[in-house]
Amino acid sequence: IIRQSIAAVMPDEAVKRTLAGKKFDDGKIVLVAAGKAAWQMADAAHMVLGSQIDKGVVITKYDHIKGPIGDFKLYEAGHPIPDENSFKATQAAIDAVEGLTEKDDVIFLLSGGGSALFEKPLVSGAKVTGKVLAQGKAKKILVFKYKAKSNYRRRQGHRQPFTKVAIEKIEA
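Residues numbered from 1 in each chain as written. Predicted model: local features only at pLDDT ≥ 70, side-chain atom pairs only at ≥ 80, totals over all residues. Heavy atoms only, no water.

(A) Inspection of a nonpolar patch on the surface at higher detail. Where nonpolar side chains cluster on the molecular surface, the patch consists of V128, V132, V165, I167 and I170 and spans about 480 Å² of accessible area. Put simply, the parts of the chain that give the nonpolar patch at least two residues each are β5 (127-137) and β8 (161-171). Element by element, the count of residues in the nonpolar patch is highest for β8, at 3 residues. Tracing the sequence through the fold places V132 in strand β5. For V132, a relative accessible area of 52% translates into the label exposed. (Patch = residues over 30% accessible without salt bridge, like charges linked within 9 Å, V, L, I, M, F, W, Y side chains within 5 Å. Areas by Shrake-Rupley, 256 points an atom, 1.4 Å probe, with all protein chains shown as cover. Salt bridge = Lys/Arg side-chain N within 4 Å of Asp/Glu carboxyl O. Helix = DSSP H or I, 4+ residues; strand = E, 2+ residues; numbered from the N terminus. Buried < 20%, exposed > 50% of the residue type's maximum accessible area, 1.4 Å probe, protein only.)

(B) Representation of the packing of helix α2 (residues 11-19) against helix α3 (residues 38-49) in the model. It is the contact of α2 with α3, at a shortest axis distance of 8 Å, that shows an interaxial angle of 30 degrees. It follows from the interaxial angle that α2 and α3 lie roughly parallel. Remark: the crossing between α2 and α3 carries right-handed chirality. Here α2 contributes P11, D12, V15, K16 and L19 to the contact with α3, which in turn contributes Q40, M41, A44, A45, M47, V48 and L49. (Axes fitted to C-alpha atoms, helices over the stretch in contact; angles between N-to-C directions. Parallel < 35°, antiparallel > 145°, perpendicular 65-115°, else oblique. Left-handed = near helix turned anticlockwise from the far one by under 90°. Contact = heavy atoms within 4.5 Å.)

(C) Up close: a positive patch on the surface. Side chains of K137, K140, R155 and R159 sit close together on the surface and give a patch of like positive charge. Within the secondary structure layout, R155 lies in strand β7 (residues 152-158). (Lys, Arg positive; Asp, Glu negative; His and termini not counted. Charge placed at Lys NZ, Arg CZ, Asp CG, Glu CD.)

What follows is the structure, given as C-alpha coordinates:
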(Lines give C-alpha, C1' and ligand atoms only; values in the text may rest on other atoms or scores of the structure.)
Protein backbone atom coordinates (compact mmCIF):
# COMPACT_ATOMS: atom_id res chain seq x y z
CA ILE A 1 0.00 0.00 0.00
CA ILE A 2 2.81 2.40 0.90
CA ARG A 3 4.69 1.79 -2.38
CA GLN A 4 1.49 2.26 -4.39
CA SER A 5 0.71 5.48 -2.52
CA ILE A 6 4.17 6.90 -3.15
CA ALA A 7 4.08 5.87 -6.82
CA ALA A 8 0.69 7.56 -7.24
CA VAL A 9 2.00 10.95 -6.10
CA MET A 10 5.21 10.93 -8.11
CA PRO A 11 5.37 14.02 -10.37
CA ASP A 12 5.53 12.07 -13.63
CA GLU A 13 2.52 9.93 -12.70
CA ALA A 14 0.52 13.03 -11.75
CA VAL A 15 1.31 14.60 -15.14
CA LYS A 16 0.32 11.41 -17.00
CA ARG A 17 -3.03 11.22 -15.14
CA THR A 18 -3.75 14.90 -15.77
CA LEU A 19 -2.93 14.90 -19.49
CA ALA A 20 -4.35 11.50 -20.43
CA GLY A 21 -7.39 12.05 -22.64
CA LYS A 22 -7.06 15.86 -22.50
CA LYS A 23 -8.30 17.62 -25.64
CA PHE A 24 -6.54 20.76 -26.82
CA ASP A 25 -7.63 23.45 -29.29
CA ASP A 26 -6.25 23.59 -32.83
CA GLY A 27 -3.46 25.98 -31.83
CA LYS A 28 0.12 25.30 -30.80
CA ILE A 29 1.06 23.50 -27.59
CA VAL A 30 4.16 24.80 -25.79
CA LEU A 31 5.54 23.03 -22.73
CA VAL A 32 7.66 24.77 -20.10
CA ALA A 33 8.92 22.76 -17.11
CA ALA A 34 11.02 24.13 -14.25
CA GLY A 35 12.23 22.53 -11.04
CA LYS A 36 14.13 19.53 -9.76
CA ALA A 37 11.47 17.15 -11.16
CA ALA A 38 11.09 19.10 -14.43
CA TRP A 39 12.76 16.46 -16.59
CA GLN A 40 10.53 13.64 -15.26
CA MET A 41 7.37 15.73 -15.68
CA ALA A 42 8.30 16.88 -19.20
CA ASP A 43 9.18 13.32 -20.19
CA ALA A 44 5.78 12.11 -18.91
CA ALA A 45 4.00 14.88 -20.84
CA HIS A 46 5.93 13.92 -23.98
CA MET A 47 4.97 10.25 -23.51
CA VAL A 48 1.27 11.21 -23.34
CA LEU A 49 1.13 13.99 -25.97
CA GLY A 50 4.13 13.19 -28.17
CA SER A 51 4.26 15.21 -31.39
CA GLN A 52 1.27 17.33 -30.35
CA ILE A 53 3.76 19.48 -28.39
CA ASP A 54 5.26 22.05 -30.77
CA LYS A 55 8.00 23.38 -28.45
CA GLY A 56 9.39 22.37 -25.10
CA VAL A 57 11.77 24.03 -22.66
CA VAL A 58 12.94 22.14 -19.57
CA ILE A 59 14.93 23.84 -16.79
CA THR A 60 16.31 21.62 -14.04
CA LYS A 61 19.15 21.33 -11.55
CA TYR A 62 22.61 20.23 -12.68
CA ASP A 63 22.88 16.46 -13.25
CA HIS A 64 19.08 15.97 -13.33
CA ILE A 65 18.68 15.52 -17.10
CA LYS A 66 18.42 11.82 -17.91
CA GLY A 67 18.49 12.07 -21.69
CA PRO A 68 16.86 13.92 -24.59
CA ILE A 69 13.10 14.42 -24.79
CA GLY A 70 11.94 14.78 -28.39
CA ASP A 71 13.22 18.10 -29.70
CA PHE A 72 12.76 19.92 -26.39
CA LYS A 73 15.46 22.35 -25.30
CA LEU A 74 16.94 21.05 -22.06
CA TYR A 75 18.78 23.34 -19.64
CA GLU A 76 20.63 22.64 -16.42
CA ALA A 77 21.04 25.56 -14.06
CA GLY A 78 22.09 26.59 -10.55
CA HIS A 79 20.11 25.52 -7.53
CA PRO A 80 19.59 26.83 -4.86
CA ILE A 81 21.49 29.88 -6.12
CA PRO A 82 20.51 30.98 -9.67
CA ASP A 83 23.42 31.30 -12.09
CA GLU A 84 23.94 32.51 -15.65
CA ASN A 85 22.41 29.30 -17.02
CA SER A 86 19.25 30.02 -14.98
CA PHE A 87 18.89 33.36 -16.75
CA LYS A 88 19.58 31.90 -20.21
CA ALA A 89 17.10 29.07 -19.67
CA THR A 90 14.40 31.43 -18.40
CA GLN A 91 14.91 33.64 -21.45
CA ALA A 92 14.54 30.56 -23.68
CA ALA A 93 11.22 29.78 -21.96
CA ILE A 94 10.03 33.37 -22.41
CA ASP A 95 11.02 33.25 -26.09
CA ALA A 96 9.14 29.95 -26.52
CA VAL A 97 5.82 31.47 -25.39
CA GLU A 98 6.19 34.80 -27.20
CA GLY A 99 3.76 35.40 -30.03
CA LEU A 100 1.20 32.84 -28.90
CA THR A 101 -2.48 33.53 -29.44
CA GLU A 102 -5.61 32.69 -27.47
CA LYS A 103 -5.94 29.47 -29.51
CA ASP A 104 -2.56 28.23 -28.27
CA ASP A 105 -1.95 26.30 -25.03
CA VAL A 106 0.97 26.47 -22.61
CA ILE A 107 1.58 23.53 -20.31
CA PHE A 108 3.59 24.95 -17.41
CA LEU A 109 4.99 22.28 -15.09
CA LEU A 110 6.55 23.57 -11.88
CA SER A 111 8.16 21.50 -9.15
CA GLY A 112 10.31 22.15 -6.10
CA GLY A 113 13.30 24.35 -6.85
CA GLY A 114 11.51 26.11 -9.70
CA SER A 115 11.83 29.54 -8.07
CA ALA A 116 15.65 29.32 -8.18
CA LEU A 117 15.84 27.71 -11.61
CA PHE A 118 13.23 29.89 -13.35
CA GLU A 119 14.79 33.26 -12.66
CA LYS A 120 15.29 36.49 -14.56
CA PRO A 121 17.07 39.52 -13.10
CA LEU A 122 15.09 42.74 -13.23
CA VAL A 123 18.18 44.76 -14.15
CA SER A 124 20.63 42.94 -16.40
CA GLY A 125 24.29 43.43 -15.55
CA ALA A 126 23.51 44.96 -12.15
CA LYS A 127 26.13 44.64 -9.43
CA VAL A 128 25.40 45.00 -5.73
CA THR A 129 28.21 45.76 -3.27
CA GLY A 130 27.61 45.18 0.42
CA LYS A 131 29.38 44.75 3.72
CA VAL A 132 28.62 42.30 6.54
CA LEU A 133 28.09 44.37 9.70
CA ALA A 134 27.37 41.64 12.21
CA GLN A 135 26.64 37.96 12.59
CA GLY A 136 25.19 36.29 15.63
CA LYS A 137 22.13 34.76 17.18
CA ALA A 138 18.85 36.43 18.06
CA LYS A 139 17.20 36.41 21.48
CA LYS A 140 16.28 32.93 22.70
CA ILE A 141 12.77 31.72 21.99
CA LEU A 142 11.33 29.12 24.36
CA VAL A 143 9.05 26.41 23.00
CA PHE A 144 6.86 24.40 25.36
CA LYS A 145 5.34 21.07 24.36
CA TYR A 146 2.57 19.58 26.49
CA LYS A 147 0.26 16.59 26.17
CA ALA A 148 -2.65 16.34 28.54
CA LYS A 149 -3.04 13.32 30.83
CA SER A 150 0.23 11.71 29.76
CA ASN A 151 2.77 13.52 31.92
CA TYR A 152 4.55 14.74 28.76
CA ARG A 153 6.13 18.17 29.11
CA ARG A 154 9.14 19.51 27.21
CA ARG A 155 10.81 22.89 27.15
CA GLN A 156 13.21 23.69 24.35
CA GLY A 157 15.03 26.87 23.42
CA HIS A 158 16.12 28.13 20.00
CA ARG A 159 18.26 31.07 18.91
CA GLN A 160 17.85 31.99 15.23
CA PRO A 161 21.15 32.86 13.51
CA PHE A 162 21.26 36.15 11.59
CA THR A 163 23.54 38.20 9.37
CA LYS A 164 23.22 41.99 9.27
CA VAL A 165 24.29 43.42 5.89
CA ALA A 166 24.69 47.01 4.68
CA ILE A 167 24.26 47.62 0.94
CA GLU A 168 26.91 50.15 -0.04
CA LYS A 169 26.42 50.50 -3.79
CA ILE A 170 24.18 49.28 -6.59
CA GLU A 171 25.59 49.62 -10.11
CA ALA A 172 23.22 49.16 -13.02
